[in-house]
Amino acid sequence: MSSVKDTVENAISSNKIVIFSKSWCGYSARAKKLFQEHFPEEKPLVLELDERDDGDAIQDYLAQKTGQTTVPNVFVSQKQVGGNDKTQAAFKSGELNRLVNL
Ligand SMILES: N[C@@H](CCC(=O)N[C@@H](CS)C(=O)NCC(=O)O)C(=O)O
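Residues numbered from 1 in each chain as written. Predicted model: local features only at pLDDT ≥ 70, side-chain atom pairs only at ≥ 80, totals over all residues. Heavy atoms only, no water.

Chemist: How should I be thinking about the overall build of the protein chain in this particular structure?
Modeler: Looking only at helices and strands, one finds five helices and four strands in the protein chain. Seen in sequence order, the protein chain has helices and strands lined up from the N terminus as α-β-α-β-α-β-β-α-α. Projected onto its principal axes, the C-alpha coordinates of the protein chain cover approximately 35 × 25 × 25 Å. The buried share among the 102 residues of the protein chain stands at 42%. Contacts in the protein chain between residues at least 24 apart in sequence constitute 64% of all its contacts with a sequence separation of at least 6. Within the structure as shown, the protein chain displays about 5,800 Å² of accessible surface, and the carbon and sulfur contribution to it stands at 48%. For the protein chain, the distance from the average position of its 13 positive side-chain charges to the average position of its 14 negative side-chain charges is 7 Å. (Helix = DSSP H or I, 4+ residues; strand = E, 2+ residues; numbered from the N terminus. Buried < 20%, exposed > 50% of the residue type's maximum accessible area, 1.4 Å probe, protein only. Contact = heavy atoms within 4.5 Å. Areas by Shrake-Rupley, 256 points an atom, 1.4 Å probe, with all protein chains shown as cover. Lys, Arg positive; Asp, Glu negative; His and termini not counted. Charge placed at Lys NZ, Arg CZ, Asp CG, Glu CD.)

Chemist: Just to check I follow, could you spell out the environment of Leu62 for this structure?
Modeler: Mapped onto the secondary structure, Leu62 falls in helix α3 (residues 55-66). Assessed through its relative accessible area of 2%, Leu62 is described here as buried. Distance in space between the C-alpha atoms of Leu62 and Val4 is 9.8 Å, their sequence separation being 58 residues.

Chemist: Quick question: what am I supposed to make of the site of the ligand here?
Modeler: All residues in the neighbourhood of the ligand are listed as Lys22, Trp24, Cys25, Tyr27, Gln59, Thr70, Val71, Pro72, Gly83, Asn84 and Asp85. Lys22 places a polar side-chain atom, nitrogen or oxygen, 2.9 Å from an oxygen atom of the ligand. One nitrogen or oxygen atom from the main chain of Asn84 is found 2.8 Å from an oxygen atom belonging to the ligand. Summarising the interface, the protein chains cover 69% of the accessible area of the ligand, which totals 510 Å² for the free molecule. The residue makeup of the shell around the ligand, split by class, is five nonpolar, four polar and two charged. (Near = heavy atom within 4 Å. Polar contact = N/O pair within 3.5 Å; in protein donor to acceptor, adjacent residues only side chain to side chain. Nonpolar A, V, L, I, M, F, W, Y, C, P; charged D, E, K, R; others polar.)

Chemist: Where do I start with the sheet that holds strand β4 (residues 79-82) in this structure?
Modeler: Whenever strands of a sheet pair, they do so through backbone hydrogen bonds, lying parallel or antiparallel. With mixed pairing, four strands are arranged side by side in an open sheet as β2-β1-β3-β4. Edge strands, defined here as strands with exactly one partner in the open sheet, are β2 (45-48) and β4. Between one strand axis and the next, the sheet turns by 20° as a mean value, whatever way the strands run. (Pairing = 2+ DSSP bridges. Axes fitted to C-alpha atoms, helices over the stretch in contact; angles between N-to-C directions.)

Chemist: I'm lost on the packing of aromatic side chains in this one. Help?
Modeler: Two aromatic rings, taken as a pair, are described by how far apart their centres are and by the angle between their planes. The tally for this structure, following the rule as stated, stands at three aromatic pairs. Taking the centre distance of 5.8 Å and the plane angle of 85° together, the rings of Phe20 and Phe75 count as edge-to-face. Taken as a pair, Phe20 in strand β1 (residues 17-21) and Phe75 in strand β3 (residues 73-76) lie far apart in primary sequence, 55 residues in all. Like Phe75, Phe20 is buried. Looking at Arg30, its charged tip hangs above the ring of Tyr27, at a distance of 5.0 Å from the centre. (Phe/Tyr/Trp six-rings, centres within 6.5 Å; stacked < 30°, edge-to-face > 60°. Lys NZ or Arg CZ within 6 Å of the ring centre and 35° of its normal.)

As structure tokens, this is what we get:
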């Protein structure tokens, strides 16, 4: 069985877009919607932490790794973008487009 660290690091290294999310979270919903609307050709890997036995451990590992304790926690091209607010801002500035197209 792989460790939580392996689960997170493999998700980030093997996928262009990874969204650590919670299924009931409105901020997560907005981040997922942004990618569906503006990057429909990309299929983000979404890990719904509230639906996984290792979800709390993943959230703890992400806090350690990124300093961010909340979801969503968005990574694009192996770079942490941040939560929904930062993801929306990165879209507006063009940074998200740049990262998606790396
Ligand atoms: N400003 C943050 C707000 C994120 C936020 O408050 N997320 C809530 C869930 S909707 C959270 O992670 N709460 C703590 C938890 O679920 O452990 C963003 O834009 O992403």
